[in-house]
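Notes for the structure review
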Amino acid sequence: MYLVMKEPLLLEEEGDCEDHANLLCSLLLGYGLEAFVCVGTKAKGVPHAWVMTCGTDGTITFWESLTGHRYIHKSVNPDEPPVAEQPKPLYPYRTIGCVFNHQMFLGNCQPSDSVEICVFDLNDESKWKPMSEEAIKSVCAPGATTSLPPFPPLCASTIDASVTSNEIEMQLRLLVSEHRKDLGLTTVWEDQLSYLLSPALASYEFERTTSISAGNEEFQDAIRRAVPDGHTFKGFPIHFVYRNARRAFATCLRSPFCEEIICCRGDQVRLAVRVRVFTYPESACAVWIMFACKYRSVL
């Protein structure tokens, strides 16, 4: 049995890296974490902004708001002898100039602004120079900003999740059948197998929105029961933030693994597809699609 999981994006609407980092930092602060926006560079000196959280145990975690990736920072000691083994950074960040949130602004005053050798003890003023509280308050002092009207409440979604899910699924079935016909292949759908894919998509969305893994042991057990001995199952889940079936199908075909499922050849090939649409305020939505196939393995 094979299952490929596409890495979900954390923030996928309009905005540059600075906008996304500010939004993510605000969300993490709202969840009670000690979070900061980091301003620095990536490879080749490209300016960039990302988010950092400081754990109660001293762990420093970097958050890339454009992808949802998280990295644990482990400082490299530049005074260690060359033969000493040093941690290899996995994050793409190269330099850091300052960090800030809604209460603090700290400038990096360490001998080097290289991220990998930075010490993130923000209470050490020999390493991080804080801006005075008076200067910070002056930015948001009465009259320092434009008076804006209160934001209107979020509007409820106008999308019918069940109807939209069914519509996209039917469109994808037609697209798959047409694509296979062009390849000289017939298409046989198995509704029961499609039905079994639903719980997995629900757990993927739950994990995407909460970062809590719901586990999929039950899903895997159900699939094992549905796939006869001597047969192979392959599944490919993928996430979108739009409802255009043709556009989603074209994206899926760019994945070699998904194309292998859609264009599956073999003995007793049965195809399945399931779509689940999850709605949110302002008619935003998360669309999960899983393509799957089962076929008899030929030795």
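Residues numbered from 1 in each chain as written. Predicted model: local features only at pLDDT ≥ 70, side-chain atom pairs only at ≥ 80, totals over all residues. Heavy atoms only, no water.

- In the annotation of an unreviewed UniProt entry, the protein chain is listed under the name Centrosomal protein 76 and assigned to Rousettus aegyptiacus.
- The Subcellular location (unreviewed entry) field of the UniProt record for the protein chain holds the comment "Cytoplasm, Cytoskeleton". (UniProt positions renumbered as here; feature names shortened; annotations may be inferred.)

**Concerning the overall build of the protein chain**
- Each helix and strand counted, the protein chain has 8 helices and 11 strands in total.
- The contacts of the protein chain with a sequence gap of at least 6 include a subset with a gap of at least 24, amounting to 61%.
- Surface accessibility of the protein chain: about 17700 Å² in total, with carbon and sulfur atoms responsible for 55%. (Helix = DSSP H or I, 4+ residues; strand = E, 2+ residues; numbered from the N terminus. Contact = heavy atoms within 4.5 Å. Areas by Shrake-Rupley, 256 points an atom, 1.4 Å probe, with all protein chains shown as cover.)

**Focus: the packing of helix α3 (residues 161–182) against helix α7 (residues 245–253)**
- At a closest axis distance of 9 Å, the pairing of α3 and α7 adopts a crossing angle of 50°. When the axis of α3 is compared with that of α7, the two are oblique. Crossing hand, α3 versus α7: right-handed. In this structure, α3 uses I168, Q171, L172, L175, V176 and H179 to contact α7, whose residues at the interface are A245, R246, F249 and L253.
- Tallied by class, residues from the contact of α3 with α7 come to 7 nonpolar, 2 polar and 1 charged. (Axes fitted to C-alpha atoms, helices over the stretch in contact; angles between N-to-C directions. Parallel < 35°, antiparallel > 145°, perpendicular 65-115°, else oblique. Left-handed = near helix turned anticlockwise from the far one by under 90°. Nonpolar A, V, L, I, M, F, W, Y, C, P; charged D, E, K, R; others polar.)

**Re unusual backbone geometry**
- In this structure, K44 is a non-glycine residue whose phi angle is positive, near 60°.
- Among the structural elements, K44 can be located in the loop between β2 (35–41) and β3 (47–54).
- Taking the relative accessible area as the measure of exposure, K44 reaches 87% and is therefore exposed. (Buried < 20%, exposed > 50% of the residue type's maximum accessible area, 1.4 Å probe, protein only.)

**So, empty space enclosed by the protein**
- Applying the stated rule across the entire model yields 1 cavity of 30 Å³ or more.
- The computed volume of the largest cavity comes to approximately 30 Å³.
- Along the walls of the largest cavity sit V176, W189, I261, I262, L271, A272, F291 and A292, which together make up its complete lining.
- Within the residue set of the lining of the largest cavity, elements represented by two or more residues are α8 (256–262), β10 (267–279) and β11 (285–296).
- Its residues assigned to classes, the lining of the largest cavity shows 8 nonpolar, no polar and no charged. (1 Å grid on protein atoms, 1.4 Å probe; cavity = no way out; pocket = protein on both sides within 12 Å on 5 of 7 lines; lining within 4 Å. Points joined across faces, edges and corners; volume = space filled by probe spheres on them.)

**Here we look at a nonpolar patch on the surface**
- A cluster of nonpolar side chains, L23, L27, Y31 and L33, forms an exposed patch at the surface whose accessible area comes to about 420 Å².
- The exposure class assigned to L33 is partly exposed, which follows from its relative accessible area of 39%. (Patch = residues over 30% accessible without salt bridge, like charges linked within 9 Å, V, L, I, M, F, W, Y side chains within 5 Å. Salt bridge = Lys/Arg side-chain N within 4 Å of Asp/Glu carboxyl O.)

**Some points on the pattern of salt bridges**
- Overall, the coordinates contain 8 salt bridges when judged by the stated rule.
- Here R274 and E169 are joined by a salt bridge, their closest N and O atoms 3.0 Å apart. With R274 in strand β10 and E169 in helix α3, this residue pair connects regions lying 105 residues apart in the sequence.
- You can call R274 buried: its relative accessible area is 14%.
- Taking relative accessible area as the criterion, E169 reaches 8% and is therefore assigned buried.

**Focus: the sheet that holds β3**
- Here 7 strands make up an open sheet; going across it, the order is β5-β4-β3-β2-β6-β7-β8 and the pairing antiparallel. The two strands at the open ends of the sheet, each matched to only one other strand, are β5 (70–73) and β8 (128–130). Between one strand axis and the next, the sheet turns through 30° on average, direction left out of account.
- Where strand β4 (residues 60–63) lies against β5, 4 bridges are found, and the strand directions are antiparallel. Considered in β5, the bridge of W63 is made with R70.
- Running at roughly 10° to β3, helix α1 (residues 17–30) makes contact with β2, β3, β4 and β6 (95–100) of the sheet. (Pairing = 2+ DSSP bridges.)

**Thoughts on the nonpolar core**
- One finds L172, F240, V287, I289 and F291 to be the most contacted residues of the largest nonpolar core, which totals 29 residues.
- At the level of secondary structure, the elements contributing two or more residues to this core comprise α3, β9 (231–240), α7, α8, β10 and β11.
- The element that contributes the greatest number of residues to this core is β11, accounting for 6 residues.
- Aside from chain neighbours lying at most four places away, what touches I289 is L172, L201, F236, P237, I238, F240, A248, V273, R274 and V275.
- Membership of the second largest hydrophobic core comes to 18 residues, among which are M52, Y71, L106 and L122. (Core = buried A, V, L, I, M, F, W, Y, C linked by side-chain atoms within 4.5 Å.)

**Concerning the pairing of β4**
- Taking every second residue as pointing to the same face, both faces of β4 are buried, with I60 and F62 on one and T61 and W63 on the other.
- As paired strands, β3 and β4 are joined by 4 bridges and run antiparallel to one another. Bridging from a neighbouring strand, C54 pairs with I60 of β4.
- If you look at the hairpin formed by β3 and β4, you'll find 5 residues sitting between the two strands, and G58 has a positive phi there, around 90°.
- Count of turn residues in the β4/β5 antiparallel hairpin: 6 residues, of which G68 carries a positive phi of about 85°.

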